[in-house]
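So you can see what is in the structure, the chains are spelled out below.
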Amino acid sequence: MKRLDSMQKLCVIAGLAALAAAAAAQGAHKAQYRLVDLGPSGPAGQPFHITNNGLVSAAVGAPDGTDHSVIYFRGHMIDISHPGLLGANSMAFGNNGWGQVVGGANTNIEDHVGEDFCGFRTLGLPSATTTCLPYLWQNGKMTALPTLDDNRGNNGVANAINDFGEAAGAAENTTTEPSCPAYDPSQLHFQQYQFKPVVWRHGVVTELATVEGDRVGSALSINNKGQVAGTSGACSTFNPQFLIPIHPLHAIFWDKDGTPTDLQSLGGNEQSVMGNLALGINNSGQVVGFSSLSDNMTFHAFFWTREAGRMIDLGSVPGVGNSSAIAINDSGVAVGVSSDATHFLAAIWKHGKATDLNTLIPANSPLYLLIACSINSRGQIIGLAVDGSGSLHGYELDPLGE
């Protein structure tokens, strides 16, 4: 809860302080996007992914304080959380153009070792002491996806799904992981079991290899070729920024056959504060994420291709120290966030140049854009924003002229 609160306070303070400055700056630019307010997200919700036909998967806070999986389409929000997996909370992390949705959802079964794999307790959500399972939602029904060790692992999460119904995520096995911090709920130390990066194909779970001896990992994105991007690293407390209980040491590209490639780093090593994380992949196999620089404190967005064989530093919005690219479309345009102690703003990278998205929307817009989470082939962007009162909202940007 403390870690989430500090991040949200940073978002709100940065947003409120920058609203007037951003509006003034926008006046000097021609707006390139129409801003659509998707409505309040709640303290732990946000949009996560937009498909090429405009379907958005998201999580939204409900009046009772729980989080619900929802999808947005053409101005309508559809709650897909009930009956779900019979638990209180769920989040919709990924979807495809056919209306299939994946994510993580509480069940009605108490976690017998008190874990918080999906982070609902850490995020401050009520009734979040049950297990959390990966799910596939389609045709109006949410179904649990299998975990490891013949589905005996207690928890898991599905982070992305491609147009062929192949999903990527993380799943627990039945091995106690000694590298996890000692169990102490007062310090938000919940994780006890190993979890591995996985893919689900035709309902069957397959474990992906980690690198450099890493014992835990997560697959975060999958393209239509079945190639996957993600991370492996050290078991840690649940990280509200990454939504996984890991310190990400290695950014990884997995080929369709499961062969892993360590994407290396932008100069940082295993002592870095943030580590290295591959977050997005497009259908050409181009990967984006963030990586620590040689000072092990600063981190920048990166772009990687198999042909280049190394990370390319995408830099940050001018005047802002850190950055992370979260998603990339098939035209090679990436979106994400640029941040430091005094800035927290949504960013876009075109032709290797980072730009503050707040300078590309109409002047005097009611929202300040904090994070850009996804971009589709039409250039539509979704993410998280803050209004003048400090409330978090989901947003969609539609390129003008469409």
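Computed from a prediction, not measured in an experiment: that's the story for all the values here. (Residues numbered from 1 in each chain as written. Predicted model: local features only at pLDDT ≥ 70, side-chain atom pairs only at ≥ 80, totals over all residues. Heavy atoms only, no water.)

### Brief notes about the side chain of Ser291
- Within the fold, Ser291 resides in strand S19 (residues 287-292).
- A residue is classified by how much of its surface remains accessible, and Ser291, at 0% relative accessible area, is buried.
- Side-chain polar atoms of Ser291 contact the backbone nitrogen of Leu266, separated by 2.8 Å.
- Excluding residues that lie within four positions of it along the chain, Ser291 makes contacts with Ser265, Leu266, Gly275, Asn276, Thr298, Phe299, His300, Phe302 and Met311. (Helix = DSSP H or I, 4+ residues; strand = E, 2+ residues; numbered from the N terminus. Buried < 20%, exposed > 50% of the residue type's maximum accessible area, 1.4 Å probe, protein only. Polar contact = N/O pair within 3.5 Å; in protein donor to acceptor, adjacent residues only side chain to side chain. Contact = heavy atoms within 4.5 Å.)

### Details of the sheet that holds strand S20 (residues 299-304)
- Judged by pairing direction, the sheet is antiparallel, and its 4 strands sit side by side in the order S18-S19-S20-S21 without closing on themselves. The open sheet is flanked by strand S18 (276-281) and strand S21 (311-315), the only strands paired with a single partner. Strand-to-strand twist of the sheet, defined as the mean angle between neighbouring strand axes without regard to direction, takes the value 35°. (Pairing = 2+ DSSP bridges. Axes fitted to C-alpha atoms, helices over the stretch in contact; angles between N-to-C directions.)

### Details of the side chain of Asn239
- One can find Asn239 in strand S15 (residues 228-239).
- Residue class for Asn239 comes out buried when judged on its relative accessible area of 9%.
- Within the structure, Asn239 has its side chain in polar contact with the backbone nitrogen of Gln241 (distance 2.8 Å).

### Brief notes about the nonpolar core
- By size, the foremost hydrophobic cluster in this structure holds 30 residues, and its most contacted members are Tyr72, Ala325, Trp349 and Leu370.
- Broken down by secondary-structure element, the contributors of at least two residues to this core are strand S3 (56-61), strand S4 (67-73), S20, strand S22 (322-328), strand S23 (334-339), strand S24 (344-350), strand S26 (367-375) and strand S27 (381-387).
- Dropping the residues within four chain positions of it, Tyr72 is found in contact with Leu38, Gly54, Leu55, Val56, Ala58, Val60 and Met77.
- Counting residues in hydrophobic clusters, the runner-up holds 29 residues, among them Phe120, Cys235, Phe238 and Phe290. (Core = buried A, V, L, I, M, F, W, Y, C linked by side-chain atoms within 4.5 Å.)

### Focus: unusual backbone geometry
- Omega for the bond connecting His82 with Pro83 falls within 30 degrees of zero, at -5°, which places this linkage in the cis form.
- Here Pro83 shows up in the loop between strand S5 (76-79) and strand S6 (90-95).
- Backbone geometry at Asp149 places phi at a positive 55°, although glycine is not the residue there.
- Of note, Asp149 is situated in helix H2 (residues 148-151).

### Overview of the environment of Ala341
- Tracing the backbone through its elements, the reader meets Ala341 in the loop between S23 and S24.
- Among the residues examined, Ala341 registers a relative accessible area of 72% and is labelled exposed.
- Each C-alpha atom, one on Ala341 and one on Ser294, is 19 Å from the other, the two residues being 47 residues apart in sequence.

### Concerning the pattern of salt bridges
- Evaluated as defined, the whole model comprises 5 salt bridges.
- The partner of Lys256 in a salt bridge is Glu166, with the nearest N and O atoms 3.6 Å apart. With Lys256 in the loop between strand S16 (244-254) and strand S17 (260-262) and Glu166 in the loop between strand S10 (156-161) and strand S11 (167-176), this residue pair connects regions lying 90 residues apart in the sequence.
- The partly exposed category is assigned to Lys256, whose relative accessible area is 41%.
- For Glu166, a relative accessible area of 10% corresponds to the buried category. (Salt bridge = Lys/Arg side-chain N within 4 Å of Asp/Glu carboxyl O.)

### As for the sheet that holds strand S28 (residues 392-399)
- Here 4 strands make up an open sheet; going across it, the order is S1-S28-S27-S26 and the pairing antiparallel. Looking along the sheet, the strands with just one partner apiece sit at the ends: strand S1 (33-40) and S26. Each adjacent strand pair in this sheet contributes to an overall mean axis angle of 30°, direction not counted.

### Topic: the environment of Pro185
- Inspection of the secondary structure assignment puts Pro185 in the loop between S11 and strand S12 (193-201).
- Remark: the alpha-carbon pair of Pro185 and His68, spanning 117 residues in sequence, is separated by 24 Å.
- If sequence neighbours within four positions are ignored, Pro185 has contacts with Arg121 and Phe190.

### Some words on the packing of aromatic side chains
- In the structure shown here, the tally under the stated rule is 6 aromatic pairs.
- Centre to centre, the rings of Phe242 and Phe290 are 5.5 Å apart; their planes meet at 25°, and the pair counts as stacked. Taken together, the positions of Phe242 in the loop between S15 and S16 and Phe290 in strand S19 put the pair 48 residues apart, joining distant regions of the chain.
- When its relative accessible area of 13% is taken as the criterion, Phe242 is described as buried.
- A relative accessible area of 2% places Phe290 in the buried class.
- In textbook terms, an aromatic cluster arises when at least three aromatic residues are bridged by ring pairs, as seen for Phe242, Phe290 and Phe299. (Phe/Tyr/Trp six-rings, centres within 6.5 Å; stacked < 30°, edge-to-face > 60°.)

### Here we look at the pairing of S28
- The element S28 is largely enclosed, with a buried count of 8 among its 8 residues.
- Taking every second residue as pointing to the same face, both faces of S28 are buried, with Leu392, Gly394, Glu396 and Asp398 on one and His393, Tyr395, Leu397 and Pro399 on the other.
- Where S1 lies against S28, 7 bridges are found, and the strand directions are antiparallel. Looking across to S28, one finds that Gly39 is bridged to Gly394.
- Hairpin remark: S27 followed by S28, antiparallel, with 4 residues in the connecting loop; positive phi at Gly390, about 95°.

### Quick look at the state of the cysteines
- What the rule picks out here adds up to 2 disulfides.
- At a sulfur-sulfur separation of 2.0 Å, the disulfide partner of Cys118 is Cys132. One disulfide, between Cys118 and Cys132, carries an S-S torsion of -80° and so falls in the left-handed class. With a gap of 14 residues between them, Cys118 in the loop between strand S7 (101-110) and strand S8 (130-138) and Cys132 in strand S8 connect regions that are remote in the sequence. Grouping residues by exposure puts Cys118 and Cys132 together as buried.
- A sulfur-sulfur distance of 2.0 Å marks the disulfide that ties Cys180 to Cys235. Judged by the sign of its S-S torsion, about 95°, the cystine formed by Cys180 and Cys235 is right-handed. A residue pair is termed long-range when its members are at least 10 positions apart, and Cys180 in the loop between S11 and S12 and Cys235 in strand S15 qualify at 55 residues. (Disulfide = S-S within 2.5 Å.)

These values are about where atoms sit, not about what they do.
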